[in-house]
Amino acid sequence: MKKFIGGSYQTSISVLLIGILAFAGSAGMGLFLGIPEPSAHDEFSYLLAADTFAHGRLTNPTHPMWVHFETMHVNHEPTYMSRYMPAQGLFLAVGWVLGGHPIVGVWLSMAFMCAAICWMLQAWLPRRWALLGGIFAIIHPNFGVGNYWAQSYWGGAVGAGGGALLLGGVRYLMREPRKNYAMVMGVGLAILANSRPYEGLVLSLPVGLGLLIWLFGKNRPAFDVTIRRVLLPLAIVGAVSVSSMAYYNYRITGNALQIPFLLHEQTYGMSAHFIWQRLPPKPIFRHKIIEDFHAQYELPVYYEKHSIAGFFKINFAAMMMYLLVAGSVFTIPLIGSAREILSWSWNSRWGRFALSIYVFFILGMMLETYLSPHYFAPITALNYFFVLQGIRLWRARDHRVGKLVLLLLPFLALTVLAINTYQSMAAHNDFAPALQRARLLKQLNQRKDQHLILVTYGPNHSYHKEWVYNEADIDGSKVVWARDMGLKENCKLIEYFKGRMVWSLEIDHDEAPIKLNHFSEQSCHEVVS
């Protein structure tokens, strides 16, 4: 056990302790703030994947009336499933099965991330500093237990944990070649491939190059050690991962080499996710709200970033935003020790390795059309490495000031976390679309009969506030959400769901109180006659 984790029983206990604290902190904050309701398109899509996995399936058959259920970030043909990679959905499904609610899976992902970061830091820093880094990950004001990586279904923690395993595994492996470290590194790669594949690839390239340089450098291990303890374990984990992904792709898209995300982009995409790509032909849309989302939200970013000025403007804004969000109070030692960090990185073998990984990763991120904070998740563990190294260098330069910074940072982090929590509670709005939808769903689920809700949107509705999302088993759901497609098509849908209570729901101003209206089935009889 101790050799698998890397070092001693004390290191294992530290990793376990951080994982327990992260889970307890996430659960405590969730119970204090209230279990979140999904609101973003991504969250509903991940929950569809979780629902599917929790019922022992990889995907769902296409529904005969699927056109009424089309929505953002979901594939309906050739099967009905989330467009996203499966890692986040699997964590949610585990939480759903073990804890009775998918939010438990989110808390488990936070425990995994923080424990993995602590383990990674033990490979790069002394044990007590690694433990502190794990605590920093727990109390981070923006990526810790109180914010959206831990209190929504959007994801971030899974990719961050995968990146930590990769970075820790390669450092352990280059210090002491052991097959267990190689396998952990391979697991990290597999998690990245199934959570944030592009960003994981960008991270793995410099890591892999560093590993190859070591394997063939002057301090290389013996040839048989390289084969048995490094390459073979990596190949075994890689083969299992690749074959599993191919089977997953095949079940959803019908093509082992086509991931669900790319199928969705071929079906609905109007933009391109990388700056070197050209715009695809315009898809055929059956619903204006979906077309507006792709045309008005995604496409303008593509056009702006494809100009030289737009490229630098958007990337600069994204990097500054990431620095503020990911750094928060922890930018203090980075700024205060910037010169020392750069000097140390230049003169230290491992410092150069870490800095080159970080620079390569950031440059790779700039090639993406769209950027959000959770896109940077795979590099998260290195953030804490540089923060802790900044504190250590500050202490070496001025022990009293460095010690003060060390004591002040946790206090500042907890203070900002408390402020963020208060602001989140103060911003609570009972008429937020996500809360209104959840309340309506709960009310209808408590009734004995089954329901079909025909949703139509007015001109003031935002395409960011979607209501039409369904469970994995649509026919078995007590409440089915569908798009109003006009009387003739609606009547076909009503005939299919014969015996359900049929409702009409019109939404215009998103934060106005909603009202269900009975849909007159008599009008369908008139259409037939």
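Here, the structure is the one placed above.
Residues numbered from 1 in each chain as written. Predicted model: local features only at pLDDT ≥ 70, side-chain atom pairs only at ≥ 80, totals over all residues. Heavy atoms only, no water.

1. Some words on the overall build of the chain
Inference 1: Of the regular secondary structure elements, the chain holds 21 helices and 7 strands.
Inference 2: Expected size for 529 residues packed as a compact globule is a radius of gyration near 24 Å; at 25 Å, the chain falls within 12% of this value.
Inference 3: Here the C-alpha coordinates of the chain stretch approximately 85 × 50 × 50 Å along the principal axes.
Inference 4: Expressed as a percentage of the 529 residues in the chain, the buried residues total 55%.
Inference 5: Taking all contacts inside the chain whose residues are at least 6 apart in sequence as the whole, residues at least 24 apart take part in 75%.
Inference 6: Element-wise, carbon and sulfur atoms account for 64% of the exposed surface of the chain, whose accessible area totals about 24,200 Å².
Inference 7: Of the charged side chains in the chain, 43 are positive and 32 negative; the average position of the first set lies 17 Å away from that of the second. (Helix = DSSP H or I, 4+ residues; strand = E, 2+ residues; numbered from the N terminus. Rg over C-alpha atoms; globule rule 2.2 N^0.38 Å. Buried < 20%, exposed > 50% of the residue type's maximum accessible area, 1.4 Å probe, protein only. Contact = heavy atoms within 4.5 Å. Areas by Shrake-Rupley, 256 points an atom, 1.4 Å probe, with all protein chains shown as cover. Lys, Arg positive; Asp, Glu negative; His and termini not counted. Charge placed at Lys NZ, Arg CZ, Asp CG, Glu CD.)

2. Some points on the sheet that holds strand β5 (residues 479-483)
Inference 1: Reading across the sheet, the 4 strands line up as β5-β4-β6-β7 and stay open at both edges, with mixed pairing between neighbours. Pairing within the sheet leaves two strands with one partner each, and these edge strands are β5 and β7 (517-518).
Inference 2: Strand direction decides the pairing type here: strand β4 (residues 451-457) and strand β6 (residues 501-507), joined by 7 bridges, are parallel. By the bridge assignment for β6, Val455 is matched with Leu505. (Pairing = 2+ DSSP bridges.)

3. Some words on the environment of Cys491
Inference 1: On the secondary structure map, Cys491 appears in helix α20 (residues 487-496).
Inference 2: Along the backbone, Cys491 and Leu234 are 257 residues apart, and their C-alpha atoms lie at a distance of 56 Å.

4. Observations regarding the packing of helix α15 (residues 338-347) against helix α16 (residues 349-365)
Inference 1: Running from N to C, α15 and α16 point in directions that differ by 110°, and their axes come no closer than 5 Å. In terms of their interaxial angle, α15 and α16 are classed as roughly perpendicular. Contact residues: Leu342, Trp344, Ser345, Trp346 and Asn347 in α15; Arg349, Gly351, Arg352 and Leu355 in α16.
Inference 2: Taken together, the residues of the contact of α15 with α16 sort by class into 4 nonpolar, 3 polar and 2 charged. (Axes fitted to C-alpha atoms, helices over the stretch in contact; angles between N-to-C directions. Parallel < 35°, antiparallel > 145°, perpendicular 65-115°, else oblique. Nonpolar A, V, L, I, M, F, W, Y, C, P; charged D, E, K, R; others polar.)

5. As for the side chain of Asn147
Inference 1: One can find Asn147 in the loop between α6 (127-139) and α7 (157-175).
Inference 2: Once residues lying within four places of it in the same chain are set aside, the contact partners of Asn147 are His140, Pro141, Asn142, Leu417 and Asn420.

6. Considering unusual backbone geometry
In most cases, non-glycine residues show a negative phi, while peptide bonds are predominantly trans.
Inference 1: Cis rather than trans, the peptide bond between Glu77 and Pro78 has omega equal to 0°.
Inference 2: Its place among the elements puts Pro78 in the loop between β2 (74-75) and β3 (79-82).
Inference 3: Here the phi dihedral of His73 falls at roughly 65°; this positive angle occurs in a residue that is not glycine.
Inference 4: Tracing the backbone through its elements, the reader meets His73 in the loop between β1 (60-61) and β2.
Inference 5: Given the relative accessible area of 4%, His73 is considered buried.
Inference 6: Despite not being glycine, Ser328 shows a phi value in the positive range, around 50°.
Inference 7: Locating Ser328 in the fold gives a position in the loop between α13 (308-327) and α14 (331-336).
Inference 8: Judged by relative accessible area, which is 16%, Ser328 ranks as buried.

7. A look at the pairing of β3
Inference 1: Bridging between β1 and β3 involves 2 bridges; their strand directions are antiparallel. By the bridge assignment, Pro61 is partnered in β3 with Thr79.
Inference 2: Summarising the sheet, β2 and β3 pair through 2 bridges and their orientation is antiparallel. In the sheet register, Asn75 faces β3, and the bridge partner there is Met81.
Inference 3: Once β2 ends, the chain turns through 3 residues before running back antiparallel as β3.

8. Points about the sheet that holds β3
Inference 1: If you trace the 3 strands from one edge of the open sheet to the other, you get β1-β3-β2, paired in antiparallel fashion. Edge positions in the sheet fall to β1 and β2, since each of these pairs with one other strand and no more.
Inference 2: Against the sheet, helix α3 (residues 41-54) contacts β1, β2 and β3, and its axis sits at roughly 120° relative to β3.

9. Remarks on the packing of aromatic side chains
Inference 1: For the coordinates displayed, the defined rule picks out 31 aromatic pairs.
Inference 2: On the basis of an interplanar angle of 25° and a centroid distance of 4.7 Å, the ring pair of Tyr46 and Tyr84 is categorised as stacked. Of the two residues, Tyr46 is situated in helix α3 and Tyr84 in the loop between β3 and α4 (87-99); the sequence distance between them amounts to 38 residues.
Inference 3: Between Phe143 and Trp149, the ring centres sit 4.1 Å apart and the planes meet at 10°, which makes this aromatic pair stacked.
Inference 4: On the basis of relative accessibility, which here comes to 2%, the residue Phe143 falls in the buried class.
Inference 5: Among the aromatic residues, those joined into a cluster by ring pairs are Trp124, Trp344, Trp350, Phe353, Tyr358, Phe385 and Phe386.
Inference 6: Above the plane of the ring of Trp350 lies Arg171, whose end atom (NZ or CZ) is 3.7 Å from the centre.
Inference 7: The ring centre of Trp481 lies 4.4 Å from the NZ or CZ of Arg437, which sits over that ring. (Phe/Tyr/Trp six-rings, centres within 6.5 Å; stacked < 30°, edge-to-face > 60°. Lys NZ or Arg CZ within 6 Å of the ring centre and 35° of its normal.)

10. A few points about the environment of Ile379
Inference 1: The topology assignment puts Ile379 in the loop between α16 and α17 (380-397).
Inference 2: On the basis of relative accessible area, Ile379 is assigned to the buried category, the value being 0%.
Inference 3: Residues Ile379 and Leu203 lie 176 residues apart in sequence; the distance between their C-alpha atoms is 7.3 Å.
Inference 4: Those residues in contact with Ile379 that sit more than four places away from it in its chain are Leu203, Tyr322, Ile357, Tyr358 and Phe361.

11. With respect to α6
Inference 1: Look at α6: 19 Å from first C-alpha to last across 13 residues, which is about the 18 Å you get at 1.5 Å a residue.
Inference 2: Regarding α6, the residues found buried are Trp129, Ala130, Leu132, Gly133, Gly134, Phe136, Ala137, Ile138 and Ile139. (Expected span 1.5 Å × (residues − 1).)

12. Topic: the state of the cysteines
Inference 1: Taken as a whole and assessed by the stated rule, the structure comprises 1 disulfide.
Inference 2: One disulfide in the model links Cys491 with Cys524; its S-S distance is 2.1 Å. One quick way to see it: the torsion about the S-S bond of Cys491 and Cys524 is about -90°, and its sign makes the bridge left-handed. Placement of the pair is Cys491 in helix α20 and Cys524 in helix α21 (residues 522-528), with a sequence separation of 33 residues. Residue Cys491 shares its accessibility class with Cys524, and that shared class is buried.
Inference 3: In this structure Cys114 is a free cysteine whose sulfur lies 9.4 Å from that of Cys118, the closest cysteine sulfur available.
Inference 4: For Cys114, a relative accessible area of 0% corresponds to the buried category. (Disulfide = S-S within 2.5 Å.)

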